[in-house]
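Observations on the three-dimensional arrangement
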There are 2 protein chains.
Amino acid sequence: MTEQNGATATSAAVNGGGSISSIIPGWFSEISPMWPGEAHSLKVEKILFQGKSDYQDVMVFQSATYGKVLVLDGVIQLTERDECAYQEMITHLPLCSISNPKKVLVIGGGDGGVLREVARHSSVEHIDICEIDKMVVDVSKEYFPDVAIGYEDPRVTLHIGDGVAFLKAAQVGSYDAVIVDSSDPIGPAQELFEKPFFESVAKALRPGGVMCTQAESIWLHMDIIEGIVANCHQIFKGSVNYAWTTVPTYPSGVIGFMLCSTEGPEVDFKNPINQIDAKGNKNSSRVPLKFYNREIHAAAFCLPSFAKKLIESKTEN
Amino acid sequence: MTEQNGATATSAAVNGGGSISSIIPGWFSEISPMWPGEAHSLKVEKILFQGKSDYQDVMVFQSATYGKVLVLDGVIQLTERDECAYQEMITHLPLCSISNPKKVLVIGGGDGGVLREVARHSSVEHIDICEIDKMVVDVSKEYFPDVAIGYEDPRVTLHIGDGVAFLKAAQVGSYDAVIVDSSDPIGPAQELFEKPFFESVAKALRPGGVMCTQAESIWLHMDIIEGIVANCHQIFKGSVNYAWTTVPTYPSGVIGFMLCSTEGPEVDFKNPINQIDAKGNKNSSRVPLKFYNREIHAAAFCLPSFAKKLIESKTEN
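Residues numbered from 1 in each chain as written. Chains lettered and ligands numbered in written order. Predicted model: local features only at pLDDT ≥ 70, side-chain atom pairs only at ≥ 80, totals over all residues. Heavy atoms only, no water.

Listed as interface residues are 40 residues of chain B and, on the opposing side, 41 residues of chain A. Surface buried jointly by chain B and chain A totals about 3200 Å² across both partners, of which 60% is contributed by carbon and sulfur atoms. Counting across the chain B and chain A interface gives two salt bridges. Remark: the boundary between chain B and chain A carries 26 residue pairs in polar contact (both at pLDDT 80 or more). (Contact = heavy atoms within 4.5 Å. Buried area = accessible area lost by both parts, 1.4 Å probe. Salt bridge = Lys/Arg side-chain N within 4 Å of Asp/Glu carboxyl O. Polar contact = N/O pair within 3.5 Å; in protein donor to acceptor, adjacent residues only side chain to side chain.)

A few words on the domain arrangement of chain A. Residues and elements named next belong to chain A. What the domain assignment reports for chain A is domain 1 (20-77) and domain 2 (82-313). When each unit is reduced to the centre of its C-alpha atoms, the spacing between domain 1 and domain 2 is 24 Å. Each side of the interface is counted separately: domain 1 has 24 residues, and domain 2 has 23 residues. Overall, the association of domain 1 and domain 2 removes approximately 2100 Å² of surface from exposure, summing both partners, and the carbon and sulfur fraction of that is 71%. When the buried area of domain 1 at its contact with domain 2 is split by residue, Met34, Tyr55 and Leu70 rank highest and sum to 29% of it. Our count for the domain 1 to domain 2 interface comes out at zero salt bridges. At the boundary of domain 1 with domain 2, the tally comes to six residue pairs in polar contact (both at pLDDT 80 or more). Listing elements by their share of the side of domain 1 that touches domain 2, those giving two or more residues are strand S3 (38-52), strand S4 (57-63), strand S5 (68-72) and strand S6 (75-79). Sorting elements by how many residues they give to the side of domain 1 that touches domain 2 places S3 first, with seven residues. (Domains from an automatic or database assignment. Helix = DSSP H or I, 4+ residues; strand = E, 2+ residues; numbered from the N terminus.)

Looking now at the sheet that holds strand S7 (residues 103-108) of chain B. Pairing between the strands of a sheet is mediated by backbone hydrogen bonds and can be parallel or antiparallel. All names here are of chain B. Here seven strands make up an open sheet; going across it, the order is S9-S8-S7-S10-S11-S13-S12 and the pairing mixed. Of all the strands in the sheet, just strand S9 (156-160) and strand S12 (240-246) have a single pairing partner and so form its edges. With strand direction ignored, the average angle separating the axes of adjacent strands in the sheet is 15 degrees. Sheet topology note: the strand S11 (residues 205-214)/strand S13 (residues 254-261) ladder contains five bridges and is antiparallel. If you follow Met211 over to S13, its bridge partner there is Cys260. (Pairing = 2+ DSSP bridges. Axes fitted to C-alpha atoms, helices over the stretch in contact; angles between N-to-C directions.)

All names here are of chain A. When you tally the buried positions in strand S11 (residues 205-214), you get eight out of ten residues, the bulk of the element. Sheet topology note: the strand S10 (residues 175-181)/S11 ladder contains five bridges and is parallel. Bridging across to S11, Ala177 finds its partner in Val210. Remark: the S10/helix H7 (residues 195-204)/S11 crossover connection has right-handed handedness. (Buried < 20%, exposed > 50% of the residue type's maximum accessible area, 1.4 Å probe, protein only. Right-handed = clockwise from strand over helix to strand, strands pointing away.)

Expressed as a screw transformation, the operator carrying chain B onto chain A has a rotation angle of 180 degrees and an axial translation of 0.0 Å, and the superposed copies differ by an RMSD of 0.0 Å. The two molecules are tied by a two-fold rotation axis, judged by turn and shift. Both copies share a contact surface, since 100% of the interface residues of chain B are interface residues in chain A too. (Least-squares fit on C-alpha atoms with pLDDT ≥ 70 in both.)

Here we take up the packing of H7(A) against helix H8 (residues 222-235) of chain A. Residue and element names in this part refer to chain A. Orientation of H7 relative to H8, taken along the N-to-C sense of each, is 40 degrees, at an axis distance of 10 Å. Taken together, H7 and H8 sit at an angle that is classed as oblique. Of the two elements, H7 crosses H8, and the hand of that crossing is right-handed. Seen from H7, the contacting residues are Lys195, Phe198, Glu199 and Ala202; seen from H8, they are Ile228, Asn231, Cys232, Gln234 and Ile235. Class assignment for the residues of the contact of H7 with H8 results in five nonpolar, two polar and two charged. (Parallel < 35°, antiparallel > 145°, perpendicular 65-115°, else oblique. Left-handed = near helix turned anticlockwise from the far one by under 90°. Nonpolar A, V, L, I, M, F, W, Y, C, P; charged D, E, K, R; others polar.)

This part takes up the sheet that holds strand S7 (residues 103-108) of chain A. Residues and elements named next belong to chain A. An order of S9-S8-S7-S10-S11-S13-S12 is seen for the seven strands of this open sheet, with the pairing classed as mixed. A strand with exactly one partner marks an edge of an open sheet, and here the two such strands are strand S9 (156-160) and strand S12 (240-246). Pairwise comparison of adjacent strand axes, ignoring direction, gives a mean angle of 15 degrees for this sheet. Both S7 and S10 contribute to a ladder of five bridges, which runs parallel. Its bridge partner lying in S10, Leu105 is registered against Val178.

Using the criterion set out here, one finds 18 salt bridges over all chains in the structure. Across the salt bridge formed by B:Lys68 and B:Glu80, the nearest N and O atoms sit 3.6 Å from each other. Highlighted residues: B:Lys68 in strand S5 (residues 68-72) and B:Glu80 in the loop between strand S6 (75-79) and helix H2 (83-95), separated in sequence by twelve residues. Across the salt bridge formed by B:Arg116 and B:Glu117, the nearest N and O atoms sit 2.9 Å from each other. A residue is classified by how much of its surface remains accessible, and B:Glu117, at 0% relative accessible area, is buried. Among the charged side chains, a network of salt bridges with common partners joins A:Glu83, A:Arg116, A:Glu117 and A:Arg120.

Time to look at the environment of A:Thr65. On the secondary structure map, A:Thr65 appears in the loop between S4 and S5. On the basis of relative accessible area, A:Thr65 is assigned to the partly exposed category, the value being 23%. Residues A:Thr65 and A:Val44 lie 21 residues apart in sequence; the distance between their C-alpha atoms is 9.1 Å. Not counting residues up to four positions away in its chain, the partners in contact with A:Thr65 are A:Arg81, B:Pro36, B:Gly37 and B:Glu38.

Within the UniProt annotation, "domain: PABS" (unreviewed entry) is assigned to residues 25-262 of chain A. End-to-end, the C-alpha atoms of residues 25-262 of chain A are 50 Å apart, and along that stretch the chain is 27% helix and 36% strand. (UniProt positions renumbered as here; feature names shortened; annotations may be inferred.)

Laid out in structure tokens, this is it:
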């Protein structure tokens, strides 16, 4: 672990071809073939950590206006200022759509934010998390205590390993919900967007169990989304829906979620039946809900016409 | 009007302190005290126009992946790729909330995009537009034909002048709807966010008439929004609501709208009663609706908890 002056470290990282993809001096810029021709930049006050794990480049910096920022392979994963939107929505969209979820599996999500949100549900008895990269867990615990607080819940069991293998080995029909909090489908998360993985998820879920997976941006990745929707329709015989939310520091300012249920008791994702019970959850007082509510849950499934048309065409196939 | 090679012009503009505020070499970066510590950048293929009107710097460039881009005083106003979201929502949120709008006033909106959307409503008989900066109109007609197409509608009357003065002189109770398509409250649009202006709007509207005004980002400008909401509650004695939508090239990826109605027939903005009648509108076939639909209309009024709490606290005052 290294601590360096922001401006100097930033220039060094750029010039040395390190973990920052490109930069205005003193700024972090996110440039990727996943969103060609555009870049979002944050002003860097100080680089707090730079490391290279077995899987990816890991960086944490203190930004001028978005709090601390976690970056993997040059792509922003979370900022303290807007992480609430992503963590709350990817968790409560599935968990508020079924009654009394008891056993939950998180794939990826090494920062612990999804765990923090799952823990708000008092019905939950056991939470497995399978994260491939231990460095992400360690870095989050050190630099993002209000996110990694999720690990403090006694219901959580951490498995460091490959999510694909973990799911293959999971007991059939054992989970009420599987949440896939992955990075983009370029890099270590690629397999998490492919059909064999979705088949494993469906097998691990109980009848009428639910999956929620990060599913890119309707403004940038309709081709990827169409593929995910088509795959999910083949594999999940219950409900298959696409939802989305705002996250300012993600490319195009939005991120989507694929929500699916297995054959069994019907799941109506658009009309949540399960409230978050804040009582009895000691973490809630330290990090209260900021974003999620019943109205925003239902609204997340309303799509602009251009996206609705393409997604529904895959539904009919 | 000037045409220059993109990279050269960009560097020149930066080094000379021209209309581009800052830049990654060959890119346009949007840096402003309105969103400190962050910047969105677009790759520039060619600068098509740079001029200085009596009111502001005006620039048009061809971007690598967002089509042509209109920039005023260094701030992106529209891109060909995502302008549909803003233009359709700022127009149809108010016009689909009342039955048979006939007389509509647009303040600002010199690019013509709001006119294009108003023109989709076959009930509309007359559209006034008051834009302060003729250069914006001329530039849009030259570089953004699918946006400026709004001016081709025979129901449109263009007034070049100050919107504040225009509204003061307007006949009392004469408009069904006033749409305020302004830039940010720094620069020529500042007065359009102040109480005397809202008073003029309310006077110009018929009983139960509606206003929709651009109202910044819930992620960046809650202080400004709280002020607008409080002012509107004092002035508009019908409904007062805040809505928002995604626009990738606006700071934080979202933009909000303040929707208000005057005392009179009740307006329920959240439940649109008026459909867009595509028939009989010759422009619709050239530039079809891409974003707006009934579901996204209703969803636009669902706010994240952090914003809902602050906006509702102003509602109760």
